[in-house]
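Coordinate inspection notes
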Amino acid sequence: MDREKNERKSLMKDFLGNINLSRRSFIKASAATGAAVAAGSGLSFELKALAASIGAQGQGMGQWLPATCQGCTSWCSKQVYVIDGRAVKVRGNPHSKVNVGASCPRPHLAIQQVYDPDRIRTPLKRTNPKKGRNEDPQFVPITWDEALNTIADKIMELRNNNETHKYMLMRGRYTYMRDVIYDRMTKIIGSPNNISHSAICAEAEKFGPYFTEGLWDYRQYDVENARYILIWGADPLAANRQVSYYSSAWGTVIDRAHIAVVEPRLSATGAKADVWLPVKPGHDGALAAAIAHVILTEGLWYREFVGDFKDGENRFKTGQEVLEEDFEQKYTHGLVKWWNLELKDKTPEWAATRTGLPAEQIRQVAFDYGRAAPHAISWVGGGPVMQVRGGYASMICHALNGLVGSVDNVGGTMKANKEYTSSFPKPDDFLDDIAKAGKKHGKIDHRGRLEFPALNKGKSGGGVVTNNAADGILNEDPNDIKVAVGYMNNFSFSCGQPERWERALSKIPFVVHITTNASEFSWFSDILLPNTHHLFEKWGYVKVHGNGHRHVTLMQPIIKRVGDYKTDETEIPWLIAEKLAERGFDNLLRHYKTYKDPETGKEPTNAGEFSLYALKYATHKLWDPAVHEGGDKFSGWEEFRKVGVWNSDPYPFRKRWGKMDTKTGMFEFYSETLKEALEKHAEKHNTTVDHVMEVCDYQARGEQAFIPHYEEPWTSGDPKEYPLLFVDHKSRLNREGRSANCPWYYDFKDLDPGDEAWEDVAKINPVDGKKFGIGNGDRIRLISPTGRIECTAKLWEGVQPGTLAKCYGQGHWAYGRLAAKVFGKVPRGGNNNDLIPAVYDRLSGSTVRHAGTRVKIEKI
């Protein structure tokens, strides 16, 4: 134990240098803002104590510079205190109206990331031709020139052989400079295979809002004006969008609103809710159906939005059908059909047998939620929707917002505010015949096939099926992949059944990985290119909404780089384009030269200029007063750069009522929009909608396929052999899964409810601990039908009996000296994805993370 402590101290010294931050000062700093204390988590993580810990030498010597954090999809605007070119602390940017100067733990961990001694500092080349989990890549340093020449040669080989469709681009976390490399470069080379990470993130969350109100996007929530907040599988104080803002506002929210959290384990938000509803995993839709049933039978729907019976008499009676002509709809469509097809028999007593919740509690939640209309939010997170049949759970949970009239309303749910960034120039004029022919080939992830509708915005194949790309590569279906580039991704760690990705990447002859650290994906790569860190070292921008506003926040190079890094989405594509031009293919470079500086009209002449000009081009309407269209107004680029963030005008409530982007223009309880999309997909494959439902593993048949409804969960594993339902959840310390080489991540891991510092724990209820002979601190092995991991047992009453909950983030066998127990060989803890099968919600394309598998537990 003493040896382990000394090892940790040594690692901390490597990472922190002269910064001395004790656990006590960390907690003190967190409490300093007060807001999170009011919310109950006790943590806002402004880390004001960090300034004091640096010492008097830093007083008055530095400056606060604007930046942007991408530690999660909150995408908060930040300010970084920089002394002599070195980042020493981070705070929220007070100019943002989205995160309003607030912060969370993640940006502070970024300091450890950017100065991580294990970062790649120069391009690396694989020297071991064999690929596999047990094959050391034997990387050696090379120059950027050698790396870029090698990449260009491989691309030209594809073009010379008319095989450009065998090029593949894999995108992980991105900025809105993404289309430079993801779209334009891939198209001009001539490939259909640009594969984003979106479907392993939360595509099914967007499914419900799109097929009810025409919104394929994440929502924002007017929490400060809400009177009831019903949260489904989301944890806004820890791991949902706008964590910083919600953490700062939650004290006010608690004072004003009743909060209920539907979650099989006690989350940070659940710990401070008025009601915790520990639903059986996979049965959220049953609870939502029962809540809708009570709202209708008790006459609690919001008539100003929904409509009413023509004679004012409520005809919604349990078990009885209603005539459609008796109900006069206002801004909605199909309520009576929904009642007749799905809700009339879905009583709280019916739901209790499936959810494990008492019928009276279900009824009380429904009463309280309905009575708060229209200031009542049904907040749909990943928990109920990233399941095999999660698209319909997404619909039925979101449909509650329609019933209570909270859609587009004060104290309810909102879409993104209007912003005025510009798309990059179209690539069409730069596509030659080779590129046009290559683009016509099928995509490697099989989107749009009969078994993968992936109905992004209602279009068959409009979405992505990220995790299925591994099977496409392995089976060479529709073709083999010969050259692949990945950036800010780690699919061989972050996808379900990641061993498939290990085999797939081993099969590709040439793989390039643009990354900060040598990760599991890097292990199977041939060239590693050192990437800039988003918070401190690159030009770029992102846009995100919350708190009734949308902001566009800038990334800027604000510190001295300690390595020879290049930016993934701009500098590296430009440098590749230059090398391709040297080989006689200048189409990509000529295209990039059309990204001119709006201030001077100059075209870029090098990678640095291109990175800056492309950013100014995209954000031109935000900072140039001559073309200003709305929101914050600046005197020019320099002022925008110094402030670091543009804010939209306030949200215009109720403007979308009767003008929604659905087939009827209304909020659809009977989705004509989904009906049209499914019928088109079926027609495309010369079959019926019922057959599509069958092939895609849904239970709905007939008109039920077009309405929000409950579907029984599909879960891998026989309950007799695998008695525990596995519950995956996220940490407030995870920086997109990239925190694992940061000492603070382990020091403060017990800030996540039920977790322990410097341990990777699986949490089980004490009832199950006694049943299986497992005690606190036991080393255990978790086994699912598709994989196994080892970790530590924690007996905790914050998980429902019959379930096992484990936080995602540990289990790396690469990434750094701290992330892995033995780099390249032995993981530290266990990767949840090793347990989760590669299955999908096929209508959205979403990867399954919840209610997807059962596990058994063994003491080691």
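Below, the structure is looked at part by part. Owing to the predicted nature of the structure, the values given are computational and were not obtained by experimental measurement.

The next point concerns the overall build of the chain. Within the chain one finds 28 helices and 33 strands. Taken over C-alpha atoms, the radius of gyration comes to 26 Å for the chain, in line with the 29 Å a tight globule of 860 residues would show. The C-alpha extent of the chain, read off along each of the three principal axes, is 75 × 65 × 60 Å. Residues classed as buried in the chain amount to 66% of the 860 residues present. In the chain, 71% of the contacts between residues at least 6 apart in sequence involve partners at least 24 apart. As presented, the chain carries roughly 28,700 Å² of accessible surface, and 45% of it is formed by carbon and sulfur atoms.

This part covers unusual backbone geometry. At the junction of A373 and P374, the peptide bond is cis and its omega measures out at 5° in the coordinates. Within the secondary structure, P374 sits in the loop between α14 (359-371) and β15 (376-380). For the peptide bond that leads from D477 to P478, omega is 15°, which places it in the cis range. A positive phi angle, close to 50°, is found at W75, a residue other than glycine.

Spatial strand order, β1-β2-β3: 3 strands in an open sheet with antiparallel pairing. Only two strands of the sheet have a single neighbouring strand rather than two, namely β1 (63-68) and β3 (86-92). Recorded for the sheet is a direction-independent mean angle of 35° between the axes of neighbouring strands. Bridge count for strand β2 (residues 77-83) against β3 is 6 bridges, and the pairing is antiparallel.

Our focus in this paragraph is helix α20 (residues 571-582). Compared with an ideal rise of 1.5 Å per residue, which puts 12 residues at 16 Å, α20 spans 17 Å between its outermost C-alpha atoms and is within 8% of the ideal. Most of α20 sits inside the fold, with 9 of its 12 residues counted as buried. For α20, the complete set of buried residues consists of E571, I572, P573, W574, L575, I576, A577, K579 and L580. In this structure, the buried side of α20 is in contact with α6 (144-160), α7 (181-189), β18 (510-515), β19 (527-530), α21 (587-592) and α22 (607-618). Among the residues trailing α20, G584 stands out with phi positive, at a value near 95°.

Once that is clear, we can look at the pairing of strand β17 (residues 483-487). Where burial is concerned, most of β17 is hidden: 5 out of the 5 residues are buried. Here β17 shows a buried face lined by V483, V485 and Y487 and a second buried face lined by A484 and G486. As paired strands, strand β6 (residues 167-171) and β17 are joined by 5 bridges and run parallel to one another. The partner of Y167 across the bridge, within β17, is V483. Bridge count between β17 and β18: 5 bridges; the pairing is parallel. Directly across from A484, in β18, lies its bridge partner V511.

Looking at the secondary structure, you find Q113 in helix α5 (residues 106-114). Overall, the relative accessible area of 10% leaves Q113 in the buried class. Setting aside its immediate chain neighbours within four residues, Q113 contacts R119, H533, R735, R738, S739 and C742.

This next bit is on the state of the cysteines. Scanning the model with the defined rule gives 0 disulfides in all. The structure places no disulfide on C69, whose sulfur is separated from the nearest cysteine sulfur, that of C104, by 6.3 Å. Sulfur of C76: no disulfide; nearest cysteine sulfur belongs to C72 and is 6.3 Å away.

For the rest of this paragraph, the subject is the nonpolar core. L230, W232, I291, W338, L678 and M693 are the most contacted members of the largest nonpolar core, which totals 83 residues. For this core, the element with the highest residue contribution is helix α10 (residues 284-297), accounting for 10 residues. If we skip the residues at most four places from it in the chain, W232 touches V262, D284, L287, A288, I291, S378, W379, V380, G381, P384, C397 and L400.

In this section: the packing of helix α8 (residues 203-213) against helix α25 (residues 672-684). In contact at an axis separation of 6 Å, α8 and α25 are set at 110° when each is read in the N-to-C sense. Our classification of the angle between α8 and α25 gives roughly perpendicular. The residues of α25 that touch α8, namely those facing F207, Y210 and F211, are T673, L674 and A677. Residue classes in the contact of α8 with α25 are distributed as 5 nonpolar, 1 polar and no charged.

The contact between α20 and α22 brings their axes to 8 Å, and the two run at 130°. On the basis of their axis angle, the class for α20 and α22 is oblique. In the packing of α20 onto α22, the handedness of the crossing is right-handed. Across from E571, W574 and L575 in α20, the residues of α22 making contact are A607, G608, F610 and S611.

Here we take up the environment of E502. By the secondary structure assignment, E502 is in helix α19 (residues 499-507). We classify E502 as buried; its relative accessible area is 11%. Along the chain, E502 and E668 lie 166 residues apart, while their C-alpha atoms are 43 Å from each other. The residues touching E502, leaving out its near neighbours within four places in the chain, are R133, S492, F524 and W813.

Conventions and cut-offs
Residues numbered from 1 in each chain as written. Predicted model: local features only at pLDDT ≥ 70, side-chain atom pairs only at ≥ 80, totals over all residues. Heavy atoms only, no water. Helix = DSSP H or I, 4+ residues; strand = E, 2+ residues; numbered from the N terminus. Rg over C-alpha atoms; globule rule 2.2 N^0.38 Å. Buried < 20%, exposed > 50% of the residue type's maximum accessible area, 1.4 Å probe, protein only. Contact = heavy atoms within 4.5 Å. Areas by Shrake-Rupley, 256 points an atom, 1.4 Å probe, with all protein chains shown as cover. Pairing = 2+ DSSP bridges. Axes fitted to C-alpha atoms, helices over the stretch in contact; angles between N-to-C directions. Expected span 1.5 Å × (residues − 1). Disulfide = S-S within 2.5 Å. Core = buried A, V, L, I, M, F, W, Y, C linked by side-chain atoms within 4.5 Å. Parallel < 35°, antiparallel > 145°, perpendicular 65-115°, else oblique. Nonpolar A, V, L, I, M, F, W, Y, C, P; charged D, E, K, R; others polar. Left-handed = near helix turned anticlockwise from the far one by under 90°.

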